[in-house]
Amino acid sequence: MARASTAIGVSPIIKEIVQKQAHSTRLTLKEVILMGMLAVDQLDGQQRQELADRVHQMQVNGEI
């Protein structure tokens, strides 16, 4: 969990997204991260890869 906490701390975009989800769902930041991971598990292989590609492109572009 330390790495996820670090990512939240150093990326304003990630922090904003996680905080918005926490506020709207009344969950802790840790719970929101777990919720996201469980949601990813619900995706089929193609959807998961498309999402991974999208997030990786955000990293390459310096967005996160």
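Reading guide: rules and limits
Residues numbered from 1 in each chain as written. Predicted model: local features only at pLDDT ≥ 70, side-chain atom pairs only at ≥ 80, totals over all residues. Heavy atoms only, no water. Helix = DSSP H or I, 4+ residues; strand = E, 2+ residues; numbered from the N terminus. Buried < 20%, exposed > 50% of the residue type's maximum accessible area, 1.4 Å probe, protein only. Areas by Shrake-Rupley, 256 points an atom, 1.4 Å probe, with all protein chains shown as cover. Salt bridge = Lys/Arg side-chain N within 4 Å of Asp/Glu carboxyl O. Patch = residues over 30% accessible without salt bridge, like charges linked within 9 Å, V, L, I, M, F, W, Y side chains within 5 Å. Expected span 1.5 Å × (residues − 1).

Draft legend 1. Region of the structure containing the overall build of the chain. Looking only at helices and strands, one finds four helices and zero strands in the chain. Secondary structure of the chain in N-to-C order comes out as α-α-α-α. Taken over 64 residues, the chain has a buried fraction of 8%. As presented, the chain carries roughly 5200 Å² of accessible surface, and 57% of it is formed by carbon and sulfur atoms.

Draft legend 2. The arrangement of the pattern of salt bridges in detail. Per the stated rule, a full pass over the model turns up one salt bridge. Across the pair K20 and E16 runs a salt bridge, and its minimum N-O distance is 3.1 Å. One end of the pair, K20, and the other, E16, are both in helix α2 (residues 12-25), four residues apart, so they sit about a helical turn from each other.

Draft legend 3. Representation of a nonpolar patch on the surface. On the surface, L34, M37 and L38 cluster together into a nonpolar patch covering about 310 Å² of accessible area. Within the secondary structure layout, M37 lies in helix α3 (residues 29-41).

Draft legend 4. Fine view of helix α4 (residues 45-60). Between its first and last C-alpha atoms α4 spans 22 Å; for 16 residues at 1.5 Å apiece the expected length is 22 Å, and the two agree. Downstream of α4 by one or two residues, G62 has phi in the positive range, about 75°.

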